[in-house]
Amino acid sequence: MLLSSDDFAALDIEHLTPKVHGLNCYSHLNKAAVLFAANPKPDEKHLIRIAARAIDGMNPDDAIHSILIERYLESCYQFLARIGFRLSIEESGDQVYTVVVPDIRAANYLASWFEDGCATIDVSHSYGTKELERSELRAKVRSEKQAKVKAEKAVTKLNKAKERKSAVDDKQRAIVKAILLDKKNKVGRMKDLLIKHGITAPTFAKYKAKFKPELKELGLL
């Protein structure tokens, strides 16, 4: 979202450029945000490393860090130091000041200018924290979805197992009923009836015990 000067005025926001060193007319403010980008670009870092190697005793990483401090971290500090925390304790009292910076490097650098306990870094609203929260939420949703799919598969498997068992029971029930009906109607000897229906005497006995209540109700036992 891009805001114009009129938008800032309507929102009662003071819009300043990054270079505001020495200005004293914003000490009435107690909140500020750094929105500019001042990190050295990759090609700049490459040139800095080349230049540093050309100078005896200069560490390329130290050179880049020095430029980072001068261009970025110090600019953040000078920009934010325009608001009320530049005042003395007598002038500011117990006023709490809130500032927003681009990353944890700037937060640590800014905090280093204050005595221990005077500056608190809150990363709960940072991009990294929010991204972690979003990542954890996505993982939770994915886990719940996987658990749901797993549960559905388990239910489907159980239902299929029940269907198979029901089909087996129906087949066994039909066989034992047919044999007992043939016996009742004196179609043949039990030995021949078992051969006709393709089961053994022990299996027939097991089927009778399994469906005994139903068979008795039908008058077959």
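These figures come from a predicted structure and were not determined experimentally.

Analysis parameters
Residues numbered from 1 in each chain as written. Predicted model: local features only at pLDDT ≥ 70, side-chain atom pairs only at ≥ 80, totals over all residues. Heavy atoms only, no water. Helix = DSSP H or I, 4+ residues; strand = E, 2+ residues; numbered from the N terminus. Rg over C-alpha atoms; globule rule 2.2 N^0.38 Å. Buried < 20%, exposed > 50% of the residue type's maximum accessible area, 1.4 Å probe, protein only. Areas by Shrake-Rupley, 256 points an atom, 1.4 Å probe, with all protein chains shown as cover. Lys, Arg positive; Asp, Glu negative; His and termini not counted. Charge placed at Lys NZ, Arg CZ, Asp CG, Glu CD. Axes fitted to C-alpha atoms, helices over the stretch in contact; angles between N-to-C directions. Parallel < 35°, antiparallel > 145°, perpendicular 65-115°, else oblique. Left-handed = near helix turned anticlockwise from the far one by under 90°. Contact = heavy atoms within 4.5 Å. Nonpolar A, V, L, I, M, F, W, Y, C, P; charged D, E, K, R; others polar.

Participant: Let's hear about the overall build of the protein chain: which residues, and what values?
Facilitator: Scanning the protein chain from N- to C-terminus turns up nine helices and two strands. Each helix and strand of the protein chain, placed in order from N terminus to C terminus, yields the pattern α-β-α-α-α-β-α-α-α-α-α. A globule of 221 residues ought to have a C-alpha radius of gyration of about 17 Å, yet the protein chain, at 42 Å, is considerably larger. Across its three principal axes, the protein chain shows a C-alpha extent of roughly 115 × 50 × 40 Å. Within the protein chain, buried positions represent 23% of all 221 residues. For the protein chain, the accessible area works out to roughly 16,500 Å², and carbon and sulfur atoms hold 57% of it. Taking the 38 positively charged and 30 negatively charged side chains of the protein chain as two groups, their mean positions are separated by 27 Å.

Participant: Explain unusual backbone geometry to me, using residue names and the numbers behind them.
Facilitator: With a phi angle near 55°, K186 is a residue other than glycine that sits in the positive phi range. You can see K186 is positioned in the loop between helix 6 (127-184) and helix 7 (190-197).

Participant: Explain the packing of helix 2 (residues 42-53) against helix 3 (residues 60-80) to me, and be specific about the residues and the numbers.
Facilitator: The geometry of helix 2 relative to helix 3 is characterised by a closest axis approach of 8 Å and an angle of 125° between their N-to-C directions. Classed by the angle they form, the pair helix 2 and helix 3 counts as oblique. As for the relative orientation of helix 2 and helix 3, their crossing is right-handed in sense. Here E44, K45, I48, R49, A52 and R53 of helix 2 lie close against helix 3, whose contacting residues are P60, D61, A63, I64, I67 and R71. Its residues placed into classes, the contact of helix 2 with helix 3 shows six nonpolar, no polar and six charged.

Participant: Give me the packing of helix 3 against helix 5 (residues 104-111): which residues, what numbers.
Facilitator: Geometry of a packed helix pair, given as the angle between the helix axes and the separation of the axes. Put simply, helix 3 and helix 5 touch, their axes get as near as 10 Å, and they point 65° apart. Helix-helix and strand crossings are classified by hand; for helix 3 and helix 5 the assignment is right-handed. When helix 3 is examined against helix 5, the residues L68, I69, Y72, L73, E74, C76, Y77 and L80 are found in contact with a partner set consisting of R105, A106, Y109 and L110. A class-by-class count of the residues in the contact of helix 3 with helix 5 yields 10 nonpolar, no polar and two charged.

Participant: I'd like a description of the side chain of Q78, backed by residues and values.
Facilitator: Tracing the chain through its elements places Q78 in helix 3. Classification of Q78 as buried rests on a relative accessible area of 17%. Those residues in contact with Q78 that lie beyond four places of it in its chain are V20 and H21.

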